Amino acid sequence: MYTAHPDRYADMPYRRTGRSGLKLPALSLGLWHNFGPDRPAETQRAILRRAFDLGVTHFDLANNYGPPPGAAESALGEALKADFGPYRDELIISTKAGYLMWPGPYGEWGSRKYLLSSLDQSLKRMGLDHVDIFYSHRPDPDTPLEETMGALHSAVQQGKALYVGVSNYSPEQTREAARILADLGTPLLIHQPRYSMLDRRPEQQDLLTTLDELRIGSIAYSPLEQGLLTGRYLDGIPEDSRAASDSPFLNSDAVTEDLVARLRSLDEVAKSRGQSLAQLALAWVLRGGRVTSALVGASSPQQLEDSVGTIRNLDFDAEELERIDAIVEG
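What comes next concerns the included structure. In this convention, every chain numbers its residues from 1, walking through the sequence in written order. Whole-chain, interface and lining totals are the exception, using all residues; otherwise, since this is a predicted model, local features are given only for residues with pLDDT of at least 70 and side-chain atom pairs are given and counted only at 80 or more. Side-chain numbers come from the whole structure's heavy atoms, not from hydrogens or water.

**As for the packing of helix H3 (residues 112–126) against helix H4 (residues 145–157)**
For helices, the fitted line uses only the C-alpha atoms of the stretch in contact; every axis is such a line through C-alpha atoms, and the angle between N-to-C directions lies from 0 to 180 degrees. Helix and strand assignments follow DSSP, with helices taken as H or I runs no shorter than four residues and strands as E runs no shorter than two, numbered in order from the N terminus. Following both chains from N to C, one finds H3 and H4 inclined at 30°, their axes separated by 9 Å at the closest point. Here H4 runs roughly parallel to H3, going by the angle between their axes. Of the two elements, H3 crosses H4, and the hand of that crossing is right-handed. Contact residues: Arg112, Leu115, Leu116 and Leu119 in H3; Glu147, Thr148, Gly150, Ala151, Ser154 and Ala155 in H4. Side-chain classes are defined by residue name, with Ala, Val, Leu, Ile, Met, Phe, Trp, Tyr, Cys and Pro counting as nonpolar, Asp, Glu, Lys and Arg as charged, and the others, Gly among them, as polar. Of the residues belonging to the contact of H3 with H4, the class tally is five nonpolar, three polar and two charged. Working rule for angles: under 35 degrees goes down as roughly parallel, over 145 as roughly antiparallel, 65 to 115 as roughly perpendicular, anything else as oblique. For a crossing to be left-handed, the near helix must be turned anticlockwise from the far one by less than a right angle; the clockwise case is right-handed. It only takes one pair of heavy atoms within 4.5 Å for two residues to be counted as in contact.

**A short note on unusual backbone geometry**
Of note, the bond from glycine 66 into proline 67 is cis; its omega dihedral lies within 30 degrees of zero at 0°. Position of proline 67 among the secondary structure elements: in the loop between strand E4 (58–60) and helix H2 (71–84). In this structure, the amide linkage connecting proline 67 to the following residue, proline 68, adopts the cis form with an omega of -10°. When you line up the elements, proline 68 lands in the loop between E4 and H2. In this structure, aspartate 206 is a non-glycine residue whose phi angle is positive, near 65°. Tracing the backbone shows aspartate 206 in the loop between helix H6 (201–204) and helix H7 (207–214). Backbone geometry at arginine 215 places phi at a positive 60°, although glycine is not the residue there. Topologically, arginine 215 is positioned in the loop between H7 and strand E9 (217–220).

**Regarding the packing of aromatic side chains**
The description of an aromatic ring pair uses the distance of the two centres, along with the angle that the planes make with each other. Between rings of Phe, Tyr and Trp, where Trp is taken as its six-membered ring, a pair exists when centres lie within 6.5 Å; planes separated by under 30 degrees are stacked, by over 60 edge-to-face, and by other angles tilted. In total, this model carries ten aromatic pairs according to the counting rule given. Plain terms: the ring middles of phenylalanine 52 and phenylalanine 84 are 5.7 Å apart, the flat faces sit at 80° to each other, and that makes the pair edge-to-face. With phenylalanine 52 in helix H1 (residues 41–53) and phenylalanine 84 in helix H2, this residue pair connects regions lying 32 residues apart in the sequence. Of the two residues examined, phenylalanine 52 and phenylalanine 84, each falls in the buried class. Linked through ring pairs, Tyr2, Phe52, Phe59, Phe84 and Tyr87 together constitute an aromatic cluster. For a lysine, the NZ atom is tested; for an arginine, the CZ atom; a charge sits over a ring if that atom is within 6 Å of the ring centre and within 35 degrees of the ring normal. Positioned above the aromatic ring of tyrosine 135 is the side chain of lysine 96, whose terminal nitrogen or guanidinium carbon lies 5.5 Å from the ring centre. Note on exposure labels: buried denotes an accessible area under 20% of the residue type's maximum, exposed denotes more than 50%, and partly exposed covers the range between, all computed with a 1.4 Å probe on protein chains only.

**Let's talk about the environment of tyrosine 2**
As for its placement among the helices and strands, tyrosine 2 is situated in the segment before strand E1 (14–16). Given a relative accessible area of 11%, tyrosine 2 falls into the buried group. Sequence spacing of tyrosine 2 and phenylalanine 84 is 82 residues, and the spatial spacing of their C-alpha atoms is 7.9 Å. Among residues more than four places away in sequence, those in contact with tyrosine 2 are Arg49, Phe52, Asp53, Asp83, Phe84 and Tyr87.

**Regarding the pairing of strand E10 (residues 293–296)**
For a regular strand, side-chain orientation follows a simple rule: the groups alternate between the two sheet faces. Here E10 shows two buried faces, one formed by Ser293 and Leu295 and the other by Ala294 and Val296. Strands pair, by our definition, only if DSSP identifies at least two bridges between them. In the sheet, strand E3 (residues 27–30) pairs with E10 via three bridges, with the strands oriented parallel. In the sheet register, leucine 27 faces E10, and the bridge partner there is alanine 294. Examined bridge by bridge, E9 and E10 share two bridges and lie parallel to one another. When the bridges of E10 are listed, isoleucine 219 appears paired with serine 293.

These figures capture arrangement, not role.
The structure is reproduced here in structure tokens:
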């Protein structure tokens, strides 16, 4: 029987999400990879238990996480039943719908039919009566935004979600989504963009500025850029790496000699701060408190522990930031 560590809240900083009353841990656990039938169930449970013991109270999912789609939610459901029953009210559990989940015209995008059907399936897989945050995973070019946001509002009204968010929305789409939800009486809590030292589009496209103006929280996914910023690629492409498998999320062509040289330079900055490259990358995303939380994946409890070690040094001086910018921008 799992018993949570009594000092689990001693070190992790918690940040208020936008103008809401909800606080998220600076680091949240994403179940995008590493949770499914191709991984040992006991390893998955060990990662979740260690995360909670370290103060990581937020587990982030989507309906299609696996593989196969739905597997991550099912894995979490088993862990919740086995380990976390007494702690449900200490957890933030989020899920999303938007990408392909089942065949036919009702199995993806942003219609009311798809979003609410998907949420019901997600709740069943996880054995829950509600999630804490339900996201529209991507904007739908063919469905009115009023319908998509109306479905999120209905999820709250039905008691199946406490808060709602969006992911992969542009600043303009986010602004309009927030307006529609405000008129309905359900605030837009949070946006989940892709953001890292190597992918600065949320800054360049003024998304972070928009979120600041609207007082909406943010949680960055892929802050380690699909593993590029973990230090695994400092000597090229390891045989067992994601890039070596030509994953749809990272292929070998992306790992150029120039990129490896930049990664090595960033690693030198990390060493000067007493951090691993992964810790540097996570601290950079969290710098200044502008981003509410950063999502990390983990294939082992030890990998998670390294990520959580980031919280020991989240501050940068101007010289460090200038050095990082110079390396990334070339």
